[in-house]
Structures are given as structure tokens and as C-alpha cells.
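Below are the chains, spelled out letter by letter.
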Amino acid sequence: MARPIRETPILFGEDGRLFEEKMRNVKCSITPAEYNIMYSHYKAVLASLERGEASRKTRLAQKAGVDVK
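Once that is clear, we can look at helix H2 (residues 32-64). For H2, spanning 33 residues, the distance from its first C-alpha to its last is 48 Å, which sits close to the expected 48 Å at 1.5 Å a residue. Phi for Gly65, located one or two positions after H2, is positive at around 90 degrees.

What follows concerns the pattern of salt bridges. In total, this model carries 4 salt bridges according to the counting rule given. Among the ionic pairs, Glu21 bridges to Arg24, the shortest N-O distance being 3.6 Å. Here the residue Glu21 and the residue Arg24 both occupy positions in helix H1 (residues 13-24), the gap between them amounting to 3 residues, near one helical turn. Residue Glu21 is classed as partly exposed on the basis of its relative accessible area of 36%. In this structure, Arg56 and Glu53 form a salt bridge, with 2.7 Å as the shortest nitrogen-oxygen distance. Pair noted here: Arg56 and Glu53 are both in helix H2, with a separation of 3 residues, about one helical turn. Overall, the relative accessible area of 32% leaves Glu53 in the partly exposed class.

Parameters at a glance
Residues numbered from 1 in each chain as written. Predicted model: local features only at pLDDT ≥ 70, side-chain atom pairs only at ≥ 80, totals over all residues. Heavy atoms only, no water. Helix = DSSP H or I, 4+ residues; strand = E, 2+ residues; numbered from the N terminus. Expected span 1.5 Å × (residues − 1). Salt bridge = Lys/Arg side-chain N within 4 Å of Asp/Glu carboxyl O. Buried < 20%, exposed > 50% of the residue type's maximum accessible area, 1.4 Å probe, protein only.

Right, dumping it as C-alpha cells:
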């Protein structure tokens, strides 16, 4: 059985101020080369999903007796 999740603590005073400051100044650590690789993977997955969806629609149409070209 899973353990219950504890309540998230609320930060006050200096801890809260430091946390807010860090959240405002978060910098992206991904280089343009890494971004391009990730984007190409994203596009490949999206294309695969579209091919699968087209294939599924074709199978359903054939099952229903519709002539598909």
C-alpha cells in the first residue's frame, strides 16, 4: 500500500525570498544542438503517430466495407 504524501511546506522569511529569487532567474541549460536533436526526435514521433492514425482509419474503413484507395 502506498504511503500518504506529506503536505508541502510553506517557505517563510529568508528561505522563501531565496526560493522566489531562484525561480525568477532560472536559466535554460539546453544548447541549440541539443534542442535541434530533441526537436528532430519530436518530429519523428509525430510523423509516426500520424502514420499510425492513418493506418488505423484505413483498417476501420476496410472493416466497414468502404472502398479505400
